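Each chain, letter by letter, is given below.
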Amino acid sequence: MNGAGSRGFVRYLLRLLSGPLIWFAHFSLLYGAAGFGQALGFAPSSVQVFAWVATLAAGASIFAILWRAHSDCSSGTPEPHRGFHEVLRALAALSLFGVLLEALALGVIDPPA
């Protein structure tokens, strides 16, 4: 495989895994902030605000991935790439579901006093 072919493969791989990577970064930020927030002297309310902002940012970026994959798939994508867009949409939808489940945990659990 030459250099141009490997760059194309990495581009497709990163685009395919963009939803799960955003979910992983969100998960790490959320629980890192919850674990180290009080240890570093931040107020519980500021940690919770940070968590909500991170959740909104992750949800919006994954929704943008879903939107782009849908528009790419419906705009006459050649048949070989249609499967790629379907897998991309499925992974992004699962990642969005994971982010929303973490948001549910944020809404249920009260911050420590």
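So, how was this worked out
- Residues numbered from 1 in each chain as written.
- Predicted model: local features only at pLDDT ≥ 70, side-chain atom pairs only at ≥ 80, totals over all residues.
- Heavy atoms only, no water.
- Helix = DSSP H or I, 4+ residues; strand = E, 2+ residues; numbered from the N terminus.
- Contact = heavy atoms within 4.5 Å.
- Axes fitted to C-alpha atoms, helices over the stretch in contact; angles between N-to-C directions.
- Parallel < 35°, antiparallel > 145°, perpendicular 65-115°, else oblique.
- Nonpolar A, V, L, I, M, F, W, Y, C, P; charged D, E, K, R; others polar.
- pLDDT = per-residue confidence, 0-100.
- Phe/Tyr/Trp six-rings, centres within 6.5 Å; stacked < 30°, edge-to-face > 60°.
- Lys NZ or Arg CZ within 6 Å of the ring centre and 35° of its normal.
- Expected span 1.5 Å × (residues − 1).
- Buried < 20%, exposed > 50% of the residue type's maximum accessible area, 1.4 Å probe, protein only.
- Arc of directions from axis to C-beta.
- Patch = residues over 30% accessible without salt bridge, like charges linked within 9 Å, V, L, I, M, F, W, Y side chains within 5 Å.
- Areas by Shrake-Rupley, 256 points an atom, 1.4 Å probe, with all protein chains shown as cover.
- Salt bridge = Lys/Arg side-chain N within 4 Å of Asp/Glu carboxyl O.

Participant: Outline the overall build of the chain, supporting the account with residue identities and numerical values.
Facilitator: Per the secondary structure count, the chain includes four helices and zero strands. If you list the helices and strands of the chain from N to C, you get α-α-α-α. If you take every contact in the chain between residues at least 6 apart in sequence, the share linking residues at least 24 apart comes to 77%.

Participant: Tell me about the packing of helix H2 (residues 18-36) against helix H3 (residues 44-74), residues and numbers included.
Facilitator: The interhelical angle for the contact between H2 and H3, taken along N-to-C directions, is 180°, at an axis separation of 10 Å. Comparing their axes, H3 and H2 come out roughly antiparallel. Facing Ser 18, Gly 19, Ile 22, Trp 23, His 26, Leu 29, Leu 30, Ala 33 and Ala 34 of H2, the residues of H3 in contact are Val 47, Phe 50, Ala 51, Ala 54, Thr 55, Ala 58, Ser 61, Ile 62 and Ile 65. Here the contact of H2 with H3 is composed, by residue class, of 13 nonpolar, five polar and no charged.

Participant: Please set out the confidence of the model for the chain residue by residue, giving values where relevant.
Facilitator: Of all residues in the chain, 84% attain a pLDDT of 70 or more, and the chain-wide mean is 84. Taken element by element, the chain is modelled with least confidence in helix H1 (residues 3-16), mean pLDDT 76, and with most confidence in H2, mean pLDDT 91.

Participant: Give me the packing of aromatic side chains: which residues, what numbers.
Facilitator: Throughout the structure, instances matching the rule amount to four aromatic pairs. By the ring-pair criterion, three or more aromatic residues cluster together here, those being Trp 23, Phe 27 and Tyr 31. One cation-aromatic arrangement involves Arg 11 over Tyr 12; the distance from NZ or CZ to the ring centre is 4.9 Å.

Participant: So what's going on with H2? Residues and values would help.
Facilitator: If you check H2, its first and last C-alpha atoms are 26 Å apart, about what 19 residues at 1.5 Å a residue would give, namely 27 Å. Along H2, the residues that are buried comprise Ser 18, Gly 19, His 26, Leu 30 and Ala 33. For H2, the angular spread of buried residues about the axis comes to 100°, placing them on one side.

Participant: Describe a nonpolar patch on the surface, listing the residues and the values that go with them.
Facilitator: On the surface, Phe 9, Val 10, Leu 13, Leu 14, Leu 17 and Leu 21 cluster together to form a nonpolar patch covering roughly 530 Å² of accessible area. If one sorts the elements of the nonpolar patch by residue count, H1 sits on top with four residues. Position of Leu 14 relative to the elements: it lies in helix H1.

Participant: How would you sum up the environment of Gly 32? Please name residues and give values.
Facilitator: Position of Gly 32 relative to the elements: it lies in helix H2. Once the C-alpha coordinates of Gly 32 and Ala 51 are considered, the two residues, 19 residues apart in sequence, prove to be 10.0 Å apart.

Participant: Quick one: what's the story with the side chain of Ser 18, residue by residue and with numbers?
Facilitator: For Ser 18, the location among the structural elements is in helix H2. Given the relative accessible area of 17%, Ser 18 is considered buried.

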